[in-house]
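# Summary of the model geometry
So you can see what is in the structure, the chains are spelled out below.
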Amino acid sequence: MTLVETQRFVPPGLDHPAEPLKALRFLRTLVRNPLETWPEALFHERLQWLGFAGRPLLFVMDPAMVEEVLVSKAEVFPKAPIVQRAIGAAVGNKSIFTAEGADWRWQRRASSPPFRHGTILGFVPAMAQAAEAAAERLRGVPAGETVDISEAMMATTFDVIVETMLSGRGSFDTERFGAQISHYFETVGWIAAITVLRLPTWMPYPGKRRARAGNRFLKAEMTRVIAERRASPGTTPDLLDFLIAAADPETGRAMTDLELADNLLTFVVAGHETTALALTWALWLTANAPEVEGRVLEEIAAVAGEATIDASHVDRLAYTKQVIQEAMRLFPPAPLIPRIAAEDVTVGGETVAARTPVYVPVYAIHRHRLIWDDPESFDPDRFSPERSKGRHRGAYLPFGAGPRICIGASFAQVEAVVIFATLMRALRFMPVPGHRPKPNTRLTLRPDGGMPMRVARR
Ligand code: HEM
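Cut-offs and rules
- Residues numbered from 1 in each chain as written.
- Predicted model: local features only at pLDDT ≥ 70, side-chain atom pairs only at ≥ 80, totals over all residues.
- Heavy atoms only, no water.
- Phe/Tyr/Trp six-rings, centres within 6.5 Å; stacked < 30°, edge-to-face > 60°.
- Helix = DSSP H or I, 4+ residues; strand = E, 2+ residues; numbered from the N terminus.
- Buried < 20%, exposed > 50% of the residue type's maximum accessible area, 1.4 Å probe, protein only.
- Lys NZ or Arg CZ within 6 Å of the ring centre and 35° of its normal.
- Pairing = 2+ DSSP bridges.
- Near = heavy atom within 4 Å.
- Polar contact = N/O pair within 3.5 Å; in protein donor to acceptor, adjacent residues only side chain to side chain.
- Axes fitted to C-alpha atoms, helices over the stretch in contact; angles between N-to-C directions.
- Parallel < 35°, antiparallel > 145°, perpendicular 65-115°, else oblique.
- Contact = heavy atoms within 4.5 Å.

### Considering the packing of aromatic side chains
Aromatic ring pairs are reported here in terms of the distance separating the ring centres and the angle at which the planes meet. According to the stated counting rule, one finds 15 aromatic pairs in the structure shown. Centroid distance Trp38 to Tyr363: 6.3 Å. Interplanar angle 65°. Geometry classified as edge-to-face. Taken together, the residues span a long stretch of sequence, with Trp38 in the loop between helix H2 (23-32) and strand S1 (47-52) and Tyr363 in helix H18 (residues 362-365) at a distance of 325 residues. Note on Trp38: relative accessible area 5%, which makes it buried. A centroid spacing of 5.9 Å and a plane angle of 20° characterise the contact between Phe115 and Phe267, whose relative ring orientation is stacked. With a gap of 152 residues between them, Phe115 in the loop between helix H5 (101-111) and helix H6 (117-122) and Phe267 in helix H13 (residues 257-270) connect regions that are remote in the sequence. The residues Phe115 and Phe267 share a single accessibility class, namely buried. Here the basic side chain of Lys79 rests over the ring of Phe97, its NZ or CZ set 3.7 Å away from the ring centre. The ring centre of Phe172 lies 5.7 Å from the NZ or CZ of Arg224, which sits over that ring.

What follows is the structure, encoded as structure tokens:
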């Protein structure tokens, strides 16, 4: 091992079981943290069959097989029922995230204008402004006190989504909004357990009533914003205007207000929560890696000096982007992509029967021993152009792949670079000694109990 290698930060990992967990232990762990049910084999095998209650489930880790499932045979692999159960319950089964086939295609097309490259670059001033406001709030934290960085990042990316996708029109109680999303996400382990056991959706479970109430609140907020928009349309169309104007090419019909609310909620939640988590993990990893921090600061100084980060800086903040990419490798905000075989099919020569769930465990693929050197260590140079050359597209999937790839991938990457660079230049982020953040899958990969850190002015 070289000297440089020994100095790399290795974040504490989870203990994965050597053998698949059985029965009650599996269910108890699934409810607590689905990630901890993943056996060790997921981190070194090409594929892994698991089964529960006599029903097989296939995990695919081999990048070529992943590519078959998500890209070349995508039409045979729709989203798995767990997606409908966990996300459909909140945003309906016909919104852009949950719909399939023609139902999905027109919604995707209708939503795409705000995500074009030029439009995204036009959003950079709003992103920089939200980042500077966040830096100002964090400057107010008394010296020596800890602050939950994941909460601070959620508030920041929420501001960005409202400013950009809703043209700043929609006054939300950000704190209440975030709390209701958390209540909903906290029940995801139970939803997974109920799905595995094939129990009916009406089954009661802890937190269900609170989650449902939270969901009603979120939908009502979206309905209010839609009504306000209908009453006074804007001059420059934003995402909501595009959704309102969209028509199904087959039937010519527009979205009902309920469908609009489902889609808007999808965009507001998917569009801020994941980016906030990428930033949270990136700030914490960098705080533990002084050499990385030094290089980021040098790059920002060379590219932007003291100027507000603008669109012309974004592409030149190349190392800063690599830090975000590496943070999303170790802690992918969306750690699992669940699919189901719609018919009998082969994947990598493996026969998969119709109705078999086929899962792409992004978190395990990103730490897979056959894919990455020293997979547990934080090393942003993995994403340098030289070392990225020849990497299989199924090996790195923070945004998924194929037709259902994240519509907001470019938006999120630009936003993360702008916010990260602005914050790093303004403040020093420090880990709380002895605190070991534990990743927990609640749909997204959140640090259990938040991410307490210390901050100081630079
Ligand atoms: C770091 C940030 C983000 C990550 C890691 C992320 C991750 C993902 C992943 C993995 C998928 C694919 C799911 C699947 O195939 O089952 C997805 C889909 C989606 N994402 Fe993102 N996302 C991020 C940011 C955003 C943003 C900023 C927006 C919108 C403003 C957004 C909106 C969506 C939507 C609407 C879909 C569904 C697309 C479709 O099915 O056509 N995401 N995201």
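### What about the pairing of strand S7 (residues 357-360)?
In S7, alternate side chains face the same way, and those of Pro357 and Tyr359 on one face and Val358 and Val360 on the other are all buried. Pairing of strand S2 (residues 55-60) with S7 involves 2 bridges; the strand directions are parallel. Opposite Leu58, over in S7, you have Val358 as the bridge partner. The pairing of strand S4 (residues 337-340) with S7 spans 4 bridges and is classified as antiparallel. Counted as the bridge partner of Arg339 is Val358 from S7.

### A closer look at the site of the ligand
Trp104, Arg108, Arg339, Arg404 and Cys406 are the nearest of the 26 residues found near the ligand. Between Arg108 and the ligand, the recorded distance is 2.7 Å, taken from a side-chain N or O atom to an oxygen atom.

### Here we look at the packing of helix H14 (residues 273-287) against helix H17 (residues 318-330)
What describes two packed helices is the angle between their axes and the distance between those same axes. Direction vectors running N to C along H14 and H17 enclose 105°, while the axes themselves pass 9 Å from each other. Comparing the axis directions of H14 and H17 gives the class roughly perpendicular. Facing H14, whose interface residues are Ala278, Leu279, Trp281, Ala282, Leu285 and Thr286, H17 presents Val323, Ile324, Ala327, Met328 and Leu330.

### Re the sheet that holds strand S8 (residues 427-431)
If you trace the 3 strands from one edge of the open sheet to the other, you get S3-S11-S8, paired in antiparallel fashion. Looking along the sheet, the strands with just one partner apiece sit at the ends: strand S3 (146-148) and S8. The sheet shows a mean angle of 45° between the axes of neighbouring strands, direction not considered. Pairing of S8 with strand S11 (residues 452-457), which is carried by 5 bridges, proceeds in the antiparallel orientation. Counted as the bridge partner of Met430 is Arg454 from S11. Of the strands in this sheet, S3, S8 and S11 touch helix H8 (residues 149-165), which is tilted by about 45° from S3.

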